[in-house]
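# Chains, contacts and geometry: an overview
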Amino acid sequence: MIALDESNTRWLGRTFVREDGKTQISWTDSGFELRFDGTGLEAELGSVCAGEPPRVQVYVDGLPQGGRIPVPASSWVPLAAGLAPGEHTVRVVKLTEALQSSLLVGRVRFPGGGALLCPPPAKARKIEFIGDSITCGHTIERGPQDPDEWDIDTQNGMLTYAAVCAQNLDADFNCFSLSGWTVYRRVDIENGGDCAVPPVYGQIAPLNGNAAPWDFSRFQPGVVVVALGTNDSSYIALGQAEADTFSRKYREFLQQLRGCYPAAAIVCTVGMMNPTSFAHIERAVRAFGDENVYTHKERFCRGTHPIAADHKQAGDALSALIARIKGWN
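Residues numbered from 1 in each chain as written. Predicted model: local features only at pLDDT ≥ 70, side-chain atom pairs only at ≥ 80, totals over all residues. Heavy atoms only, no water.

## As for the sheet that holds strand β15 (residues 172-177)
The condition is simple: One bridge is not enough; two strands pair if DSSP finds at least two bridges between them. Under the DSSP-based scheme used, a helix requires at least four consecutive residues in state H or I and a strand at least two consecutive residues in state E, with every element numbered from the N terminus. Helix axes use the C-alpha atoms of the stretch in contact, all axes being lines fitted to C-alpha atoms, and the angles between their N-to-C directions lie in the range 0 to 180 degrees. Contact criterion: two residues are considered in contact whenever any of their non-hydrogen atoms come within 4.5 Å of each other.
Taken in spatial order, the 5 strands of this open sheet run β15-β14-β18-β19-β20, and their pairing is parallel. In the strand order of this sheet, the two ends are held by β15 and β20 (293-297), each with one partner. Going across the sheet, the axis of each strand differs from the next one's by a mean of 20°, ignoring polarity. The pairing of strand β18 (residues 223-227) with strand β19 (residues 265-270) spans 4 bridges and is parallel. When the bridges of β19 are listed, Val223 appears paired with Ala265. Docked against the sheet, helix α2 (residues 161-168) engages β14 (126-131), β15 and β18, running at close to 170° with respect to β14. The strands touched by helix α6 (residues 308-326) are β14, β18, β19 and β20; relative to β19, the strand with the most contacts, the crossing angle is about 155°.

Here you go:
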């Protein structure tokens, strides 16, 4: 059995090592990737749950293996089996959001014998997505006529506009997203002032046991996509003073992001579910006055959470814009 660390594993997203030596993975589309020589691989996986256990997708040599896997409290999980002898790559991605659970990763073993190799290299292109339930893939796998009712098994971060966009551009991507999140506040739920991203953005996993500062040097994206504002709409609707406050708070968040990512292009987008905030986002971007910050209004799809087909068209449109901005052809 071999412990996983940065010498033999590429960690995806904001992960951290716990006191028990296990690596905790909370955020949507976070995970790990490794290379090995052998015919099969098992991993010691576990979970910490506030609600439903995490669901993960396993990829072997770039191809998805079966469906989503629910991860129990602790278990040895087969990640690959029956492969041809030789070098293989395994990638495990958490499909479900941090609000429900965290994935724990311990050791790996080779039932038929084998060895870990150097981890796969990072891609040259990197994107970060900052968002809410849309970026988490909330109810994304329901049908077009199905009700928009929460179900852990209709959530899938690898079908979102973020995943589509990154795949189109052959980019690594991180998501910092959670259902309900805002730039400033919402008034349609209790404690709607506790949903703002800027106060917690610099932390590793604020909802999942680690409010320590995140080391931004670990992932410096060429592009940051801010997909917030949908949940702020209830606050903006109260009047002009509230709309002005939203624009000011958005501008302050842009300043915060620019401090974290001095060279990144920042794309500010919203509108797939509710376009109310977009005009006020445009105002904030104009006032910020940074030529490397862009706005992008998504095509409105439906008043409920978007489904996979909606995310596909949004991801295609966003990747086309980023390709033009960055010359990523």
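## Some remarks on the environment of Ile69
Within the fold, Ile69 resides in strand β9 (residues 69-70). As for Ile69 and Ala243, which are separated by 174 residues in sequence, their C-alpha atoms are 43 Å apart. Other than its neighbours up to four places away in sequence, Ile69 contacts Pro54, Arg55, Val56 and Val58.

## A word on the packing of aromatic side chains
As a reminder of what qualifies: Each aromatic pair joins two rings of Phe, Tyr and Trp (for Trp, the six-membered one) with centres within 6.5 Å, and gets the label stacked for planes under 30 degrees apart, edge-to-face for over 60, and tilted for any other angle. Throughout this description, buried means an accessible area under 20% of the type-specific maximum (1.4 Å probe, protein chains only), exposed means over 50%, and partly exposed covers the range between.
Using the criterion set out here, one finds 13 aromatic pairs in the structure. Ring centres of Phe216 and Tyr261 lie 5.6 Å apart, and the angle between their planes is 85°; on these two criteria the pair is classed as edge-to-face. In this pair, Phe216 is assigned in the loop between β17 (210-213) and β18 and Tyr261 in the loop between α4 (240-260) and β19, connecting sequence segments 45 residues apart. The same class applies to Phe216 as to Tyr261, namely buried. A network of ring pairs unites the aromatic residues Trp27, Phe176, Trp181, Tyr201, Phe216, Phe253 and Tyr261 as a single cluster.

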